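Topology and contacts: notes
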Amino acid sequence: MSQDPHELWTQCLLSIEQRVRPISFNTWFRPTRARRFDAETLVLEVPTSFIADYVETNYLGTIQKAVQEVVALAPQITFIVADRESPQPRASSKPETASPSYRPPGETKTTHTSVTENARPEEINPAESSEKVEDSPTSLPFSSLNTSYTFETFVVGEGSRFAHAAARDVARSPGQTQFNPLVIYGGVGLGKTHLLQAIGHYALSQGTAKKVTYVPSEKFLSDFIEAIGTRTQGEFRRRYRSADILLVDDIQFFIQGEHTQTEFFHTFNALHQDGKLIAMTCDSPPDQLEGMEERLISRFQWGLVTRIGPPDLETRIAILRQKAEISGIHLPEDVATFLGNLINSNIRELEGALTHLMAFCSVNRLELNVESARQIVQERIPSQNSQLSIEAIQQQVAEHFGLTVNLLIGKTRKKEVVAARQISMYLAKQLTQNPLKKIGLHFGNRDHSTVIHAIQTVEKKSKSDPAYAKEIETLLESIHQRHSPS
Ligand code: ADP
Ligand code: MG
């Protein structure tokens, strides 16, 4: 191939541009350059190691498809980071990927360093990934502990207080408490894996256990199948039964394997008899796992089964603050409040939005402010609210405050009505794509400066008054619920 790498890549970019959303294209692809492009290798230069990781994790398949389309080839795709990053060695955050990226020895990283380490790329943006990751080279789950999943980095909130306390307890004296086994269950992205691994970190660092084995249940399952295939069951058993602490993540996947359940049953018994700790996570209460053997379910209940619930607003804001601080980035109060208010589903998504925002602002040289955050969030919350009209919001806010829509958009200056009106305007701005002018129009033809004033008032009050913030949050949630397609 004698063509200029740059030219070829530009053609690929045109194809990629068709496949991803504009904001993602600008953030992740616009800053890329092809350094080499031939049948064997495509070397892409990107501005930061964070972008390298992100693109590699989320868009490898997209790139492969585009390349296939344009040049009908399947070169190995590798990333290099442009030289202008600050001199610091790069900590590789990903043990394995489908296409191992080439990183020259002199490679360095930017302020995104800790972003990469903290929010692992594979967890940055599940929503986006599911939409666009056309490749799914899910390398086998690796079972080392993630260094950032410690008790120190876990922000305790209402929903997680008990699970956290139990985890700390068992970590202090593994196998010696009533809590054996410990089962932490709850929805996705709520910190189950984080807490489970924190037990391991704590025990190792404080010397309360020598050998900690962390395993996602799918890995236990695949290891077991492999052991049968290679007739190395003995070795398999020795490996899993020699742990002082066995941490098994997402045990709901055991329901897929009958033999694995039997094997796990025996592993469990062996360890438990020896006074070793078994801690597990699950996406639902274990007794609701259909397809799980009764004798296993009953063993899971020998110790403590505890739920981890969604974080409240303050916790979400605290988590955002902490993540930003770890990344060495100043996160303005209003941005934290904004993101915390809007992303209330799960912490992984919250982290993902923050990481996305930081990358977006850094690449586009923008200030980290509510305006940029709004753009990111609108991108990330999929078209869920696209059909949501200003009228629907007015209707729901009016209902919430026991008012009529006419009153809400009318001329009255009564305090409660004005407050509800301001909240509706704020929500209309958050939840729809309408310009301020149009929002004003829908509120009895008010001026756009009135809308701005309303938004500022609500934002200010949210910060100073937690009860008020909570009310806005509840409203937001109920609007989401009523209007999200199910
Ligand atoms: P789960 O296993 O429940 O799906 P994870 O433990 O993987 O969720 O958590 C998702 C992300 O959110 C991780 O990056 C984790 O560090 C972060 N996280 C979850 N809960 C907390 C918390 N309470 N404080 C700080 N970070 C958290
Ligand atoms: Mg998990």
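Report follows, based on the coordinates. Keep in mind the model is a prediction, meaning the values are calculated, not measured.

Here the focus is the overall build of the protein chain. Regarding its fold elements, the protein chain presents 22 helices and eight strands. The buried share of the protein chain, reckoned over its 486 residues, is 55%. Across the protein chain, the fraction of contacts at a sequence separation of at least 24, relative to all contacts at a separation of at least 6, is 74%. Accessible area for the protein chain stands at about 21800 Å²; split by element, carbon and sulfur atoms hold 50% of it.

Once that is clear, we can look at helix 22 (residues 466–483). For helix 22, which comprises 18 residues, the first-to-last C-alpha distance of 26 Å matches the rise-based estimate of 26 Å (1.5 Å per residue) to within 8%. Residues of helix 22 that are buried: Tyr468, Ala469, Ile472, Glu473, Leu475, Leu476, Ile479 and His480. Looking straight down helix 22, one finds its buried side chains confined to an arc of 160°; they lie on one side. Turned more than 90 degrees off the buried face of helix 22, the exposed positions are Pro466, Ala467 and Gln481. In this structure, the buried side of helix 22 is in contact with helix 13 (313–326), helix 14 (333–342), helix 17 (390–401), helix 19 (415–431) and helix 21 (448–464). N-capping of helix 22 is provided by aspartate 465, with a side-chain oxygen placed 3.0 Å from the backbone N of alanine 467.

A few words on the site of ligand 1. In the region of ligand 1, 18 residues are neighbours, and Val155, Gly189, Thr193, His194 and Arg348 sit closest. Valine 155 places a main-chain nitrogen or oxygen 2.8 Å from a nitrogen atom of ligand 1. A distance of 2.8 Å separates an oxygen atom of ligand 1 from a polar atom in the side chain of arginine 348. Bound to the protein, ligand 1 loses 97% of the 550 Å² it would expose on its own.

Strands belonging to one sheet form pairs held by backbone hydrogen bonds; the direction of such a pair is parallel or antiparallel. The strand order across the open sheet built from five strands is 5-6-7-4-8, with neighbouring strands paired in parallel fashion. Since the sheet does not close on itself, it has two edges, and those belong to strand 5 (212–216) and strand 8 (304–307), each with one partner. Pairs of neighbouring strands in the sheet enclose a mean axial angle of 15°, with direction left out of account. Relative to strand 6 (residues 245–249), strand 5 runs parallel, the two being bridged by five bridges. By the bridge assignment for strand 6, proline 216 is matched with aspartate 249. Packing of helix 9 (residues 217–229) onto the sheet brings it into contact with strand 5 and strand 6, and relative to strand 5 it is tilted by some 90°. Across the sheet, helix 11 (residues 258–273) is in contact with strand 6 and strand 7 (277–282); its angle to strand 7 comes to roughly 140°.

The subject of this paragraph is the nonpolar core. If you look at the biggest cluster of nonpolar residues, it comprises 53 residues, and the most contacted ones within it are Leu331, Val335, Leu339, Leu357, Leu368, Ile393 and Leu427. The leading source of residues in this core is helix 19, at eight residues. Setting aside residues up to four positions removed in sequence, isoleucine 393 forms contacts with Leu388, Ser424, Leu427, Ala428, Leu431, Thr432 and Ile479. Among the nonpolar cores identified, the runner-up in size contains 29 residues, and Val20, Phe29, Ala66 and Val71 belong to it.

Looking now at the environment of isoleucine 439. Position of isoleucine 439 relative to the elements: it lies in helix 20 (residues 436–442). A residue is classified by how much of its surface remains accessible, and isoleucine 439, at 0% relative accessible area, is buried. Distance in space between the C-alpha atoms of isoleucine 439 and methionine 425 is 7.0 Å, their sequence separation being 14 residues. In this view, isoleucine 439 contacts Ile390, Met425, Ala428, Lys429, Asn434 and Val451; residues no more than four positions away in its chain are not counted.

What counts as what
Residues numbered from 1 in each chain as written. Chains lettered and ligands numbered in written order. Predicted model: local features only at pLDDT ≥ 70, side-chain atom pairs only at ≥ 80, totals over all residues. Heavy atoms only, no water. Helix = DSSP H or I, 4+ residues; strand = E, 2+ residues; numbered from the N terminus. Buried < 20%, exposed > 50% of the residue type's maximum accessible area, 1.4 Å probe, protein only. Contact = heavy atoms within 4.5 Å. Areas by Shrake-Rupley, 256 points an atom, 1.4 Å probe, with all protein chains shown as cover. Expected span 1.5 Å × (residues − 1). Arc of directions from axis to C-beta. Polar contact = N/O pair within 3.5 Å; in protein donor to acceptor, adjacent residues only side chain to side chain. Near = heavy atom within 4 Å. Pairing = 2+ DSSP bridges. Axes fitted to C-alpha atoms, helices over the stretch in contact; angles between N-to-C directions. Core = buried A, V, L, I, M, F, W, Y, C linked by side-chain atoms within 4.5 Å.

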